[in-house]
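# Inside the fold
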Amino acid sequence: QVQLVESGGDLVQAGGSLRLSCAASGIIFSINDMGWYRQAPGKQRELVARITDGGSTNYADSVKGRFTISRDNAKNTVYLQMDSLKPEDTAVYYCNAEVRTSIIIPLRGYWGQGTQVTVSS
């Protein structure tokens, strides 16, 4: 199967920066889109940013200009550089990847376990 392991979450002051990483491992034939979502207490999980295998990106309006998503296809890893962090960015951040485990098996979405980001004011 496929595992996604996130790292990089931490407690940071407002205005600070963090870099999240998510590495996919296991039986992987190819990976299409990869992305980051977040879920704050009492709220629904929401898209933060996504990136295609070709490098095209899209962002939630709330993070445009502050967050940057990137990926290293050779390492099956996606990153999220978060700058100018605000208290409202506090949430558990989840990695998502659309993975094909063989040429005959359709794409399937996988999720990581989440990493906590806390921004203090």
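For the structure, check the block above.
## Structural notes on the state of the cysteines
- Under the counting rule described, the total for this entry stands at 1 disulfide.
- Bridging Cys22 to Cys95, the disulfide has an S-S length of 2.1 Å. The S-S bond linking Cys22 to Cys95 shows a torsion near -80 degrees; that makes this disulfide left-handed. Of this pair, Cys22 sits in strand E3 (residues 18–26) while Cys95 is found in strand E9 (residues 91–100), placing the two residues 73 residues apart along the sequence. No difference in accessibility class separates Cys22 from Cys95, as the two residues are buried.

## Quick look at the sheet that holds strand E8 (residues 77–82)
- Spatially, the 4 strands line up as an open sheet ordered E1-E3-E8-E7, and their pairing is antiparallel. Only two strands of the sheet have a single neighbouring strand rather than two, namely strand E1 (2–7) and strand E7 (67–72). Taking the axes of each pair of neighbouring strands and ignoring which way they run, one obtains an average angle of 15 degrees across the sheet.
- Sheet topology places E1 next to E3; 6 bridges connect them, and they run antiparallel. Each bridged residue has a counterpart across the sheet, and for Val5 the counterpart in E3 is Ala23.

## Describing the nonpolar core
- Formed by 30 residues in total, the largest nonpolar core has its most connected members in Trp36, Val48, Phe67, Val78, Leu80, Met82 and Tyr93.
- Elements that contribute at least two residues to this core include exactly E1, E3, strand E4 (30–39), strand E5 (46–51), E7, E8, E9 and strand E11 (115–120).
- Here this core takes 5 residues from E9, the largest share from any one element.
- When near neighbours in sequence (up to four residues on either side) are disregarded, Leu80 contacts Leu18, Arg19, Leu20, Trp36, Val48, Ala49, Phe67, Thr68, Ile69 and Tyr93.

## As for the pattern of salt bridges
- Applying the stated criterion across every chain, the model contains 6 salt bridges.
- The salt bridge involving Arg38 is made with Asp89; its shortest N-O contact spans 3.0 Å. Pair noted here: Arg38 is in strand E4 and Asp89 is in the loop between E8 and E9, with a separation of 51 residues, a long-range link.
- The shortest N-O distance in the salt bridge between Arg66 and Asp89 comes to 2.8 Å. With Arg66 in the loop between strand E6 (57–59) and E7 and Asp89 in the loop between E8 and E9, this pair connects stretches of sequence that are 23 residues apart.

Procedures and definitions
Residues numbered from 1 in each chain as written. Predicted model: local features only at pLDDT ≥ 70, side-chain atom pairs only at ≥ 80, totals over all residues. Heavy atoms only, no water. Disulfide = S-S within 2.5 Å. Helix = DSSP H or I, 4+ residues; strand = E, 2+ residues; numbered from the N terminus. Buried < 20%, exposed > 50% of the residue type's maximum accessible area, 1.4 Å probe, protein only. Pairing = 2+ DSSP bridges. Axes fitted to C-alpha atoms, helices over the stretch in contact; angles between N-to-C directions. Core = buried A, V, L, I, M, F, W, Y, C linked by side-chain atoms within 4.5 Å. Contact = heavy atoms within 4.5 Å. Salt bridge = Lys/Arg side-chain N within 4 Å of Asp/Glu carboxyl O.

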